[in-house]
Amino acid sequence: MKYQVAIIGGGPAGYTAAEAAGKAGLSVVLFEKRSLGGVCLNEGCIPTKTLLYSAKTCDAARHASKYGVSTGEVKADLPKIIARKQKVVRKLVLGIKGKMSACHVDVVEGEATVVDKNHVSCAGTLYECDNLLLCTGSETVIPPIPGLDTVPYWTHRDALECKELPESLTIVGGGVIGMEFASFFSSLGTKVTVVEMMDEILNGMDRELAALLRAEYARRGVKFLTSTRVLSLAAVAADGGQTLLRAECTDAGGNGLTVESQRLLMCVGRRPCTAGLGLENLALERTERGHIRVDAQMRTSVPGVYACGDLTGFSLLAHTAVREAEVAVHTVAGKADAMSYRAIPGVVYTNPEIAGVGETEDSLRQKGTDYEAVKLPMAYSGRFVAENEGVNGLCKLLLDKEGRILGAHVLGNPASEIITLAGMAVELGLTAEEWKKVVFPHPTVGEIFREAL
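Residues numbered from 1 in each chain as written. Predicted model: local features only at pLDDT ≥ 70, side-chain atom pairs only at ≥ 80, totals over all residues. Heavy atoms only, no water.

### With respect to the overall build of the protein
Okay, step 1: Per the secondary structure count, the protein includes 13 helices and 21 strands.
Okay, step 2: The C-alpha atoms of the protein give a radius of gyration of 23 Å, which matches the 22 Å a tight globule of 453 residues would have.
Okay, step 3: In terms of its C-alpha atoms, the protein occupies a principal-axis envelope of roughly 65 × 60 × 45 Å.
Okay, step 4: Per-residue burial for the protein yields a buried fraction of 49% across its 453 residues.
Okay, step 5: For the protein, the proportion of contacts with a sequence separation of at least 24, taken over those separated by at least 6, is 63%.
Okay, step 6: Surface accessibility of the protein: about 21,200 Å² in total, with carbon and sulfur atoms responsible for 50%.
Okay, step 7: Taken together, the 48 basic and 53 acidic charged side chains of the protein have centroids lying 3 Å from each other. (Helix = DSSP H or I, 4+ residues; strand = E, 2+ residues; numbered from the N terminus. Rg over C-alpha atoms; globule rule 2.2 N^0.38 Å. Buried < 20%, exposed > 50% of the residue type's maximum accessible area, 1.4 Å probe, protein only. Contact = heavy atoms within 4.5 Å. Areas by Shrake-Rupley, 256 points an atom, 1.4 Å probe, with all protein chains shown as cover. Lys, Arg positive; Asp, Glu negative; His and termini not counted. Charge placed at Lys NZ, Arg CZ, Asp CG, Glu CD.)

Below is the structure:
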């Protein structure tokens, strides 16, 4: 069987590329070894946000009296929360299957192996293609901590399926995934400890806003051990016949720390999936960090072979993968396009949310770029005040000496929804004066950008 486009991986990059290629009239085959939607839809972005919305609803109910609303005792039914998450995922997976069918994409279930740039093998069948798109996604990093293989630790996949709320939970890793699970479990009543080896959580996000978010969750009872490494893990017997998981740690000063909890969740990061795919048969050029090297059209060093999504190592985010896939298919179809990483939004769906786009103060300092930081409390937005009784937040804009918008960072709900406004300003290279000419609807939280300008 011969196709114009063969795609390995059915995650955001893969199914976006398949849909775009199908709509362009190209013959397409899509290989997926598990479920359409990839990690993002089945065990990442969507399921975690479904759980976090339940947790946010609990938070809102507990504080309803601030808004003149009386409620009874607020209880979270974890099995029902998990069941709703599964229903949402099933619905969206069916939606993607429907798109593939509508675009005449042949979906092949199974683990695909690259034979050469024009041939892919799957389940004993050889498929021929003119163009090959590699959209293989990423996998959880499991660190080589002594004793880890002797304890029943969780990954994000296990945490998404738990039916019984743990009394206590240690989360190793204070990045995006770690903080979102810290938000979820702490909102439902679990005693949470976050162990992070960096000196601040959410590496890569704005440090000032990350510190404010950490302070907010510390106020809610989450314990943070920053600049702390886990040296070893073990299961120990506790009173009442209960087994606790013990983490022996050390801080930046060399002081020993012991953390015990009922459950242990590993969230130290993710890495691109490259093993077992036959990529060695392509001899693709790699970057200094070992990622697949691509140009602005997502072309690899081998003609006719493209790489999109986590495999490129630019940004392990679904929305980046979607745009990269569009660029790759446009290139295949002969349509001029190029990938830009100038304004890739980053969002942490805690409560409150934190979001950023463009440069951070740290990145600008590293580049030696002169800049001005404009900060404004979210209370300057009337809509924010109306919907966030007693809650603080912060908006920060970074401008160059000509007044051009270099970056924007927001702590406060709904940061995830308004950050695109700033992303457009960064991508289009707008100055403060140019952005101010845009009419913002009133009252909206997004007006905070105009107030800051």
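### Digging into helix α6 (residues 176-187)
Okay, step 1: Between its terminal C-alpha atoms α6 stretches 17 Å, which fits the 16 Å expected from twelve residues at 1.5 Å a residue.
Okay, step 2: Burial analysis of α6 places ten of its twelve residues in the buried class, which makes it a mostly covered element.
Okay, step 3: By the burial criterion, the buried members of α6 are G178, M179, E180, F181, A182, S183, F184, F185, S186 and S187.
Okay, step 4: One or two positions beyond α6, positive phi appears at G189, with a value near 110 degrees. (Expected span 1.5 Å × (residues − 1).)

### Digging into unusual backbone geometry
Okay, step 1: The amide bond that connects N351 to the next residue, P352, takes the cis arrangement and shows omega of 15 degrees.
Okay, step 2: Mapping P352 onto the fold places it in the loop between β17 (346-348) and β18 (354-358).
Okay, step 3: Here N413 and P414 are connected by a cis peptide whose omega angle stands at -5 degrees.
Okay, step 4: Along the chain, the position of P414 falls in the loop between β21 (405-411) and α11 (415-428).
Okay, step 5: Phi at S227 is positive, roughly 50 degrees, even though this residue is not glycine.
Okay, step 6: When you line up the elements, S227 lands in the loop between β10 (223-225) and β11 (228-237).
Okay, step 7: Notably, A283 is not glycine yet its phi reads approximately 55 degrees, a positive angle.
Okay, step 8: With respect to the helices, strands and loops of the structure, A283 is situated in the loop between β15 (270-272) and β16 (305-307).
Okay, step 9: For A283, a relative accessible area of 63% corresponds to the exposed category.

### Structural notes on the pattern of salt bridges
Pairing between side chains of opposite charge can happen when their charged atoms approach one another.
Okay, step 1: Counted by the stated rule, this structure contains 30 salt bridges.
Okay, step 2: The shortest N-O distance in the salt bridge between E128 and K2 comes to 4.0 Å. With a gap of 126 residues between them, E128 in strand β6 (residues 125-134) and K2 in strand β1 (residues 2-8) connect regions that are remote in the sequence.
Okay, step 3: Here K2 falls in the exposed class, since its relative accessible area comes to 51%.
Okay, step 4: For the salt bridge of R62 with D59, the shortest nitrogen-to-oxygen distance reads 3.5 Å. On the criterion of helical spacing, the pair formed by R62 and D59 is a turn pair, its members being three residues apart in helix α3 (residues 45-62).
Okay, step 5: One connected set of salt bridges, linked through shared partners, spans D206, E208, E361, D362, R365, K375 and K396. (Salt bridge = Lys/Arg side-chain N within 4 Å of Asp/Glu carboxyl O.)

### A look at the environment of K75
Okay, step 1: Looking at the element boundaries, K75 is found in the loop between α3 and α4 (78-102).
Okay, step 2: Accessibility expressed as a relative area gives 66% for K75, which makes it exposed.
Okay, step 3: It is 7.7 Å that separates the C-alpha atoms of K75 and C58, two residues lying 17 residues apart in sequence.

### Describing the pairing of strand β20 (residues 394-399)
Okay, step 1: Along β20, six of the six residues are buried, which leaves the element largely enclosed by surrounding structure.
Okay, step 2: Summarising the sheet, strand β19 (residues 372-377) and β20 pair through six bridges and their orientation is antiparallel. In the strand pairing of β20, E372 is matched with L399.
Okay, step 3: Sheet topology places β20 next to β21; six bridges connect them, and they run antiparallel. Among the inter-strand pairings, L394 is bridged to a residue of β21, identified as L411. (Pairing = 2+ DSSP bridges.)

### Let's talk about the sheet that holds β10
Okay, step 1: In spatial order, the strands read β10-β9-β8-β14; together these four strands make up an open sheet with parallel pairing. Only two strands of the sheet have a single neighbouring strand rather than two, namely β10 and β14 (263-266). Strand after strand, the sheet turns through a mean of 20 degrees between neighbouring axes, direction not considered.
Okay, step 2: Of the pairings in the sheet, the one linking strand β8 (residues 168-172) to strand β9 (residues 191-195) comprises five bridges and is parallel in character. (Axes fitted to C-alpha atoms, helices over the stretch in contact; angles between N-to-C directions.)

### Remarks on α3
Okay, step 1: The terminal C-alpha atoms of α3 lie 26 Å apart, and with 18 residues this matches the ideal 26 Å at 1.5 Å per residue to within 8%.
Okay, step 2: Those residues of α3 lying buried are P47, T48, T50, L51, L52, S54, A55, C58 and D59.
Okay, step 3: Elements that come into contact with the buried residues of α3 comprise α2 (38-43), α4, α5 (156-161) and α6.

### What about the sheet that holds β19?
Okay, step 1: Taken in spatial order, the five strands make up an open sheet running β17-β18-β21-β20-β19, and their pairing is antiparallel. Either end of the sheet is taken by a strand with one partner, and the two such strands are β17 and β19. Neighbour-to-neighbour, the strand axes of this sheet turn through a mean angle of 10 degrees, independent of strand direction.
Okay, step 2: Direction of pairing for β17 relative to β18: antiparallel, over a ladder of three bridges. The residue bridging V348 from the neighbouring strand is I354, located in β18.
Okay, step 3: Of the strands in this sheet, β17, β18 and β21 touch α11, which is tilted by about 10 degrees from β18.

### A few points about the pairing of β9
Okay, step 1: Buried residues dominate β9, accounting for four of its five residues.
Okay, step 2: Once you follow β9 into helix α7 (residues 207-219) and on to β10, the crossover reads as right-handed. (Right-handed = clockwise from strand over helix to strand, strands pointing away.)

### Observations concerning the environment of T287
Okay, step 1: Of note, T287 is situated in the loop between β15 and β16.
Okay, step 2: Along the chain, T287 and G313 lie 26 residues apart, while their C-alpha atoms are 9.2 Å from each other.

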